[in-house]
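The chain contents come next:
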Amino acid sequence: MCVEPDRHRAALLRRAARERFRDAAVLRCGAEAIPVPDGSADAVLSTLALCSVRDQHRALLEVRRVLRPGGVLRLLEHVAAPRGTWTRLAQHVVAPCSVLLDHGCHPARDTEAALLGAGFVPVELERFRLPGALGTWVDHVAGEAEVA
Ligand SMILES: C[S@@+](CC[C@H](N)C(=O)[O-])C[C@H]1O[C@@H](n2cnc3c(N)ncnc32)[C@H](O)[C@@H]1O
């Protein structure tokens, strides 16, 4: 089962699910309110979505709710540059435009801190940089966060 609130992207996801994932259901809703019972999922996958959810803390609490004890959130996300850097400042400056024009994408989210704040333990992430727009480098994290 997948969640995607945007109508156009949900249609693309439905097609991809039909072609590649044995027709997984695609629900048009946000990750902040996932219509499945508590503890009903073994795993949740998020790729470049925790940057875009409207309320990251609520979305992570919701992911925790749907995962069973021992369940795991696997993720790949772009995240804020280190504190005190010009890049981080620039990310905050462009954030309002980015949120407005790029499907809610906020370039300066501290997703590792948010995972810990939502109660995931342990959180095991690898941090690395990938090329971004205009010759920039963008910090990413990839890994797992567990529900104890
Ligand atoms: C950068 S795109 C990534 C799309 C895809 N996950 C991928 O890896 O290619 C971010 C996606 O998050 C979706 N999104 C925005 N708000 C969301 C929310 N509240 N819950 C779940 N997804 C959301 C956007 O519609 C958009 O499709």
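Everything in this summary refers to the structure shown in the same document. What you are looking at is a predicted structure, and each value in this text was computed from that prediction instead of being measured. (Residues numbered from 1 in each chain as written. Predicted model: local features only at pLDDT ≥ 70, side-chain atom pairs only at ≥ 80, totals over all residues.)

## Description of the overall build of the protein
Secondary structure assignment for the protein yields four helices and six strands. Ordered by position from N to C terminus, the α and β elements of the protein give β-α-β-β-α-β-α-α-β-β. With respect to the principal axes defined by its C-alpha atoms, the protein has extents near 45 × 35 × 25 Å. Buried residues in the protein amount to 26% of all 148 residues. A sequence separation of at least 24 residues applies to 60% of the contacts in the protein between residues at least 6 apart. (Helix = DSSP H or I, 4+ residues; strand = E, 2+ residues; numbered from the N terminus. Buried ≥ 20, exposed ≤ 12 C-beta atoms within 10 Å, placed from the backbone. Contact = placed C-beta atoms within 7 Å.)

## Remarks on the site of the ligand
Near the ligand there are 17 residues, and of these Asp6, Gly30, Ala31, Thr47 and Ser52 occur at the shortest range. Residues belonging to the shell around the ligand are distributed by class as follows: seven nonpolar, five polar and five charged. (Near = placed C-beta within 6 Å. Nonpolar A, V, L, I, M, F, W, Y, C, P; charged D, E, K, R; others polar.)

## What about the sheet that holds strand E4 (residues 67-78)?
Read across the open sheet, the four strands follow the order E3-E4-E6-E5; overall the sheet is mixed. Bordering the open sheet on either side are strand E3 (41-47) and strand E5 (123-131), each of which pairs with just one other strand. Strand-to-strand, the axes of this sheet are offset by a mean angle of 10°, without reference to chain direction. In terms of strand pairing, E3 meets E4 through six bridges, oriented parallel. Across the sheet, Ser46 pairs through a bridge with Leu75, a residue of E4. (Pairing = 2+ DSSP bridges. Axes fitted to C-alpha atoms, helices over the stretch in contact; angles between N-to-C directions.)

## Focus: the environment of Arg88
Position of Arg88 relative to the elements: it lies in helix H3 (residues 86-101). C-alpha of Arg88 to C-alpha of Pro107: the two residues are 19 residues apart in sequence and 8.8 Å apart in space. Setting aside chain neighbours within four positions, we find Arg88 in contact with Ala80, Ala81, Pro82, Arg83 and Ala108.

## Topic: helix H1 (residues 7-20)
An α-helix turns once every 3.6 residues. As a result, residues three or four positions apart point the same way. Compared with the 20 Å implied by 1.5 Å per residue over 14 residues, the 20 Å span of H1 between its first and last C-alpha is a close match. Across the 14 residues of H1, zero count as buried, placing the element largely on the outside. (Expected span 1.5 Å × (residues − 1).)

## Description of unusual backbone geometry
Residue Pro122 is bonded to the preceding Val121 through a cis peptide linkage, with omega at -10°. If you trace the backbone, Pro122 turns up in the loop between helix H4 (111-117) and E5. Non-glycine residue Leu48 carries a positive phi angle of around 50°. With respect to the helices and strands, the residue Leu48 is situated in the loop between E3 and helix H2 (56-66). Note on Leu48: 12 C-beta atoms within 10 Å, which makes it exposed. At Leu134, a residue that is not glycine, the phi angle is positive and equals roughly 55°. Position of Leu134 among the secondary structure elements: in the loop between E5 and strand E6 (137-146). Judged by C-beta crowding, with 5 C-beta atoms within 10 Å, Leu134 ranks as exposed.

## Considering H3
For H3, spanning 16 residues, the distance from its first C-alpha to its last is 23 Å, which sits close to the expected 22 Å at 1.5 Å a residue. Val94 marks the point of greatest bend in H3, at about 50°, and the proline Pro96 comes within the next four residues. One or two positions beyond H3, positive phi appears at His103, with a value near 55°. (Bend = angle between axes of the 7 residues up to and from the residue.)

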